Amino acid sequence: MKVLVVNCGSSSLKYQLIDSETEQALAVGLCERIGIDGKLNHTPAGGEKVVMDDPLPNHEVAIKNVLAALTDANHGVIKSLDEIGAVGHRVVHGGEKFATSVVITDEVMKAIEECNDLAPLHNPANLIGINACKNIMPGVPMVAVFDTAFHQTMPKEAYLYGLPFEYYDKYKIRRYGFHGTSHSFVSKRAIDVAGLDPKNSKVIVCHLGNGASISAVKNGESVDTSMGLTPLEGLIMGTRSGDIDPAIIEFIAHKEGKSIDDIMTILNKKSGVHGMSGVSSDFRDVRAAADSGNEHAKEAMGVFAYRVAKYIGSYVAAMNGVDAIAFTAGLGENDGKMRASICAYLGYLGVELDPEENAKRGFENIITTKDSKVKVLAIPTNEELAIARETVALV
Ligand code: ADP
């Protein structure tokens, strides 16, 4: 079966058309800088990459362009959309309703929509993706694979907030965590590449993209992760603040005469390295500005790295040790400078980065020296393959 996997991020849309029997991607692609300007990279297997720079003002336009690329006479890989047997969609928030993947029905769509408030940058983008595919491919089964599912193994110590218990009882306010498909996939690959025993392993996965989160994975199960009820908690991100003193919300509201909604927009869309640097939400832009001497951009990258290092320290405590640390996602896979800045804090763990290996990218790699006490790895994530497997299992 050919499975189209659609992964709508906050500023990007990744897709793959995967042959489920061979597990090979027939075509892979990436829409980048959605809402900024827009670029679509489409690569048919064994073919040349085609770059299209039509504007991508929103995700709906991005998906339409993807389907056109897949069926294009020159660089397409299928004759018609009928060849697509199923679509697997990454969906960010499943609340407590969805602890596993599900076939998408009208009821499921409604339940996903009910979670929009919890993931304001992502769930609406996911729904736009599902609706666009449903309109163009009616009758094709679709599956939702939730980012929250992998973290359902977290113990109460990790998922309860220090709030009156009634809020958990009444509203299920707790920590859920996100990027679960990636944390699951990358932790398994890290265990394999580092040669660890899956049943006796302590791995920290740093998923550093526009959205960013860290997880502590003990013996293959998530025991803690940095995102919480929503993806706003934890690390500094492209546009999100991550952890702040909650009292800041009231402080800004009073000083600037803003509503809670205004403040949430600031925390979700105007903060992070974007707000700190005043340059961009795209880490490449911020890196370029930092490299050319922009002080705020340098500060933003420095604060970002420090926050990651602090989380790594807390997860070493949570697991009473660590065997391997894996970097993944856009920034984690590609920005060796960022990995080096983070690892500079990890001398106490006996981490010894190998600068030559750390400069490489694009494949699974151990980037520490042979003497390093903890192995650090760069592992390209493959959420799409993980989603395709779940999709086939359900349809
Ligand atoms: P998301 O799905 O949350 O949008 P991605 O995993 O696609 O996140 O990562 C996107 C981020 O990765 C962007 O901010 C982009 O700038 C960053 N990125 C990609 N390539 C590089 C690179 N070579 N150097 C630094 N950052 C990069």
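In what follows, the structure referred to is the one given above.
This report concerns the structure included in the present document. Position labels on residues start from 1 in each chain and follow its written sequence. Residues qualify for local features only when their pLDDT is at least 70, as the model is predicted, and side-chain atom pairs are given and counted only at 80 or more; totals for whole chains, interfaces and linings, by contrast, use all residues. Hydrogens and water molecules were not included; the side-chain quantities draw on all heavy atoms of the structure.

Moving on, we come to the site of the ligand. Throughout, the term near means that a residue has one or more heavy atoms lying within 4 Å of the molecule or strand in question. Close contacts around the ligand come from 16 residues, with Asn210, Gly211, Asp282, Phe283 and Gly330 the closest. Take Phe283: an N or O atom from its main chain is 3.0 Å from an oxygen atom of the ligand. N or O atoms within 3.5 Å of each other form a polar contact, as long as, within protein, one can give a hydrogen and the other can take it, and as long as residues adjacent in sequence are counted only when both atoms are side-chain atoms. In the environment of the ligand, a nitrogen atom lies 3.1 Å from a nitrogen or oxygen atom belonging to the side chain of Arg361. Only the protein chains shown count as cover for residues, with accessible areas throughout obtained via the Shrake-Rupley method and a probe of 1.4 Å. Out of a free accessible area of 580 Å², the ligand has 88% covered by protein chains. A run of H or I in DSSP counts as a helix once it spans at least four residues, and a run of E counts as a strand once it spans at least two, with each numbered from the N terminus. Counting residues per element, the ones that place at least two in the shell around the ligand are α10 (283-291) and α12 (329-334). No other element matches α12, which puts four residues into the shell around the ligand.

This part takes up the packing of aromatic side chains. Aromatic ring pairs are defined here through the distance separating the ring centres and the angle between the ring planes. Here is the rule: rings of Phe, Tyr and Trp (six-membered ring for Trp) pair when centre to centre is within 6.5 Å. Planes less than 30 degrees apart are stacked, more than 60 are edge-to-face, and the remainder are tilted. By the definition in use, this model includes seven aromatic pairs. Seen in terms of ring centroids, Tyr311 and Tyr315 are 5.8 Å apart; in terms of plane orientation they differ by 65 degrees. Their pairing is edge-to-face. Of this pair, Tyr311 and Tyr315 both sit in helix α11 (residues 295-319), separated by four residues, roughly a single helical turn. By the burial criterion, Tyr311 is buried, and Tyr315 matches it. Aromatic rings pair up to connect Tyr159, Phe165 and Tyr168 into one cluster. Burial status follows relative accessibility: with a 1.4 Å probe on protein chains alone, a residue under 20% of its type maximum counts as buried, one over 50% as exposed, and anything between as partly exposed.

Here the focus is the environment of Leu208. Following the sequence through the fold, Leu208 ends up in strand β9 (residues 202-208). Judged by relative accessible area, which is 0%, Leu208 ranks as buried. Residues Leu208 and Arg339, 131 residues apart in the sequence, show an inter-C-alpha distance of 10 Å. The contact rule is simple, with two residues in contact once any of their heavy atoms fall within 4.5 Å. Setting aside its immediate chain neighbours within four residues, Leu208 contacts Leu235, Phe304, Val308, Phe327, Thr328, Ala329, Gly330, Leu331, Gly332 and Ile342.

Each pair of strands is called paired provided DSSP finds at least two bridges between the two strands. Taking strand neighbours across the sheet as the criterion, the eight strands line up as β5-β4-β3-β2-β1-β6-β8-β7 in an open arrangement whose pairing is mixed. Of all the strands in the sheet, just β5 (50-52) and β7 (102-103) have a single pairing partner and so form its edges. By the bridge criterion, seven bridges tie strand β1 (residues 2-8) to strand β2 (residues 13-19) in an arrangement that is antiparallel. Each bridged residue has a counterpart across the sheet, and for Leu4 the counterpart in β2 is Leu17. Every axis in this analysis is a line fitted to C-alpha atoms, fitted for helices over the stretch in contact. Angles between the N-to-C directions lie between 0 and 180 degrees. Across the sheet, helix α1 (residues 59-70) is in contact with β1, β2, β3 (24-32), β4 (39-44) and β5; its angle to β2 comes to roughly 30 degrees.

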